[in-house]
Amino acid sequence: MLIVLKPDATHAQVEKVCAEVKKQGFQPHPMPGAGRTAIGITGNKGPVNPLPYEALPGVEQCIPVTKAYKLVLREMKPEGTRFKIKGTEVGGGKNFTIIAGPCSVESAKQMTAVAKFLKDQGVHILRGGAFKPRTSPYSFQGLEDEGLAILKEVGEKEKIATITEVMDTAAVEAVEASADVLQIGARNMQNFSLLKRVGKAKAPVFLKRGMSATLEEFLLAAEYVLHGGNHGVILCERGVRTFADHTRNTLDLSVVPSVQKLSHLPIFVDPSHAIGKREFVEPMAKAALACGADGLMVEVSDDPDHALSDGAQTLSFKGFERLLQELKPLATALGRKIN
Ligand code: PEP
Ligand code: MN
């Protein structure tokens, strides 16, 4: 169940409702919104009796929840989750936020060149993998701790926000100390101990859809993070496995409006990992903007043809400039703001 408070409910009234939830043996999860606060209830085994709450001052209504997930539900925050990453606002319907950078951090020189280029282009969030989840143990595994140090140094020096993947619980502390956003990769979407751990982190979490995850599994993975207390979650569609083999994965853009109907969390699209071919990144990025995604994650580097991972899907600087030129008039027509 979720308890919706009146728009003018006081902090003391919210606290009182939370105390009553605890008294009944459940956990309250207050989520302040633009217009009002909603309190999600977890820890119940069956339906929750609304009577003890309905009578409390400040309570507008109690909504029964029939879905397995609760805290990610759109009803918790009808206006949508919106937060800032180093000053760049994500979510909220108007923003179309671009996260870009190489697949892997390869050197300080490379990351500096990419950071400078992206800042010139008006992009505020730099990606780069230090710990790489590779199918083969013989493929480049990332620069690991050295990669993290490079990302931190370049982010600070070039004044650009950073995001990088964290593959296991033991690395969360180090990654959080080096980057502004924690990425959970597709292969770890259901690594429940990792989800619980990043739920305790302060940094926002960029959660990629597992390659065979249903929408419910995807939302339940996000539910773990919110349940841990971390409400700064961004979802990302990065392609799923199907019979189709003309692209690396099949980009499931229909998940964008589906997520937006059910959940208040921002949903991004990563056309690079979905498609696997740089020539198709631009049309699918445009499609992502057109269907209402909150942003993009795109791989771009200074020398994609010699990249240590995912070069075939990585845009060159010229390719990225062309992409932005294509996106800008589309964003204007749709009333969106690229940031
Ligand atoms: C990545 O973004 O670097 C990555 C490995 O993506 P995914 O987890 O979507 O495969
Ligand atoms: Mn990659």
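Residues numbered from 1 in each chain as written. Chains lettered and ligands numbered in written order. Predicted model: local features only at pLDDT ≥ 70, side-chain atom pairs only at ≥ 80, totals over all residues. Heavy atoms only, no water.

### Digging into the sheet that holds strand β2 (residues 27-32)
Here's step 1: If you trace the four strands from one edge of the open sheet to the other, you get β2-β3-β1-β4, paired in antiparallel fashion. With partners counted over all chains shown, the strands left at the sheet margins are β2 and β4 (59-63), one partner each. The mean inter-strand angle of the sheet, taken between neighbouring strand axes irrespective of direction, is 20 degrees.
Here's step 2: Contacts from helix α1 (residues 11-23) reach β1 (2-5), β2, β3 (37-42) and β4 within the one sheet, and its direction differs from that of β2 by about 155 degrees. (Pairing = 2+ DSSP bridges. Helix = DSSP H or I, 4+ residues; strand = E, 2+ residues; numbered from the N terminus. Axes fitted to C-alpha atoms, helices over the stretch in contact; angles between N-to-C directions. Contact = heavy atoms within 4.5 Å.)

### A short note on the coordination of the manganese ion (ligand 2)
Here's step 1: Only C103 (SG), H273 (NE2), E299 (OE) and D310 (OD) from the protein coordinate the manganese ion (ligand 2), and they sit 2.0 to 2.3 Å from it.
Here's step 2: Within one chain, the residues donating to the manganese ion (ligand 2) are spaced in sequence as C-x169-H-x25-E-x10-D. Of this pair, C103 sits in the loop between β7 (95-101) and α3 (108-120) while D310 sits in the loop between β14 (295-299) and α11 (317-334), and the two are 207 residues apart along the sequence. Exposure class is identical for C103 and D310. Each is buried. (Donors = N, O, S within 2.8 Å, 3.2 Å for Na, K, Ca; no water. Buried < 20%, exposed > 50% of the residue type's maximum accessible area, 1.4 Å probe, protein only.)

### A few points about the side chain of D310
Here's step 1: Among the polar contacts made by the side chain of D310, one reaches the side chain of R248 at a distance of 3.2 Å.
Here's step 2: Polar side-chain contacts of D310 include one of 3.1 Å to the side chain of Q313.
Here's step 3: In contact with D310, not counting residues within four places along its chain, are C103, R248, H273 and E299. (Polar contact = N/O pair within 3.5 Å; in protein donor to acceptor, adjacent residues only side chain to side chain.)

### Structural notes on α3
Here's step 1: Over its 13 residues, α3 extends 18 Å from the first C-alpha to the last, a length consistent with the 18 Å expected when each residue adds 1.5 Å.
Here's step 2: Every buried residue of α3 is listed here: Q110, M111, V114, A115, F117 and L118. When α3 is viewed along its axis, its buried side chains cluster within an angular range of 165 degrees and face the same direction. Exposed positions of α3 whose direction lies more than 90 degrees from the buried face are K109 and D120.
Here's step 3: Its buried side turned inward, α3 meets β7, β8 (125-127), α4 (145-158) and α11.
Here's step 4: Phi turns positive, to about 85 degrees, at G122, one or two residues after α3. (Expected span 1.5 Å × (residues − 1). Arc of directions from axis to C-beta.)

### A short note on the packing of aromatic side chains
Here's step 1: Within the structure shown, the criterion is met by four aromatic pairs.
Here's step 2: Here F117 and F317 contribute two aromatic rings whose centre-to-centre distance is 4.0 Å and whose plane-to-plane angle is 5 degrees, an arrangement assigned as stacked. With a gap of 200 residues between them, F117 in helix α3 and F317 in helix α11 connect regions that are remote in the sequence.
Here's step 3: The exposure class of F117 is buried, given its relative accessible area of 9%.
Here's step 4: With a relative accessible area of 21%, F317 lands in the partly exposed category.
Here's step 5: Summarising the aromatic geometry, the rings of F117 and F320 are spaced 5.9 Å apart at their centres and angled 75 degrees between planes, so their arrangement reads as edge-to-face. (Phe/Tyr/Trp six-rings, centres within 6.5 Å; stacked < 30°, edge-to-face > 60°.)

### Focus on empty space enclosed by the protein
Where empty space is left becomes clear once a probe the size of a water molecule has been rolled over the atoms.
Here's step 1: Taken as a whole and judged by the stated rule, the model has one cavity of 30 Å³ or more.
Here's step 2: Estimated volume of the largest cavity: approximately 30 Å³.
Here's step 3: Lining the largest cavity we find R127, G128, G129, K132, I163, T164, E165 and Q183.
Here's step 4: With three residues, the top contributor of residues to the lining of the largest cavity is strand β9 (residues 161-165).
Here's step 5: Classifying every residue of the lining of the largest cavity gives one nonpolar, four polar and three charged. (1 Å grid on protein atoms, 1.4 Å probe; cavity = no way out; pocket = protein on both sides within 12 Å on 5 of 7 lines; lining within 4 Å. Points joined across faces, edges and corners; volume = space filled by probe spheres on them. Nonpolar A, V, L, I, M, F, W, Y, C, P; charged D, E, K, R; others polar.)

### Overview of the pairing of strand β12 (residues 233-237)
Here's step 1: For β12, a buried count of five out of five residues is recorded, marking the element as mostly surrounded by other parts of the structure.
Here's step 2: Taking every second residue as pointing to the same face, both faces of β12 are buried, with V233, L235 and E237 on one and I234 and C236 on the other.
Here's step 3: Looking at chain direction, strand β11 (residues 205-208) and β12 are connected through four bridges and run parallel. Bridge pairing in β12 links F206 to I234.
Here's step 4: Each parallel crossover has a hand, and for β11 linked through helix α7 (residues 215-227) to β12 it is right-handed.
Here's step 5: Inspection of the sheet shows β12 paired to strand β13 (residues 267-269) by three bridges, in the parallel sense. (Right-handed = clockwise from strand over helix to strand, strands pointing away.)

### Details of the packing of helix α6 (residues 192-199) against α7
Here's step 1: Between α6 and α7, the shortest axis-to-axis distance is 6 Å and the interhelical angle comes to 40 degrees. By the angle class used here, α6 and α7 are oblique. Every pair of crossing elements has a handedness; the one defined by α6 and α7 is right-handed. Residues F192, L195, K196, V198 and G199 of α6 form the contact with α7, whose participating residues are A221, Y224 and V225.
Here's step 2: Grouping the amino acids of the contact of α6 with α7 by side-chain chemistry returns six nonpolar, one polar and one charged. (Parallel < 35°, antiparallel > 145°, perpendicular 65-115°, else oblique. Left-handed = near helix turned anticlockwise from the far one by under 90°.)

### Focus on the domain arrangement of the chain
One frequently used descriptor of interface size is the decrease in accessible area upon assembly of the parts.
Here's step 1: Annotation of the chain at the domain level lists domain 1 (2-66) and domain 2 (83-338).
Here's step 2: Between the C-alpha centres of domain 1 and domain 2 there is a distance of 34 Å.
Here's step 3: Listed by partner, the interface residues are five residues for domain 1 and four residues for domain 2.
Here's step 4: Linking domain 1 with domain 2 are zero salt bridges, by the criterion used here.
Here's step 5: At the boundary of domain 1 and domain 2, one finds one residue pair in polar contact (both at pLDDT 80 or more).
Here's step 6: The element that contributes the greatest number of residues to the side of domain 1 that touches domain 2 is β2, accounting for four residues. (Domains from an automatic or database assignment. Salt bridge = Lys/Arg side-chain N within 4 Å of Asp/Glu carboxyl O.)

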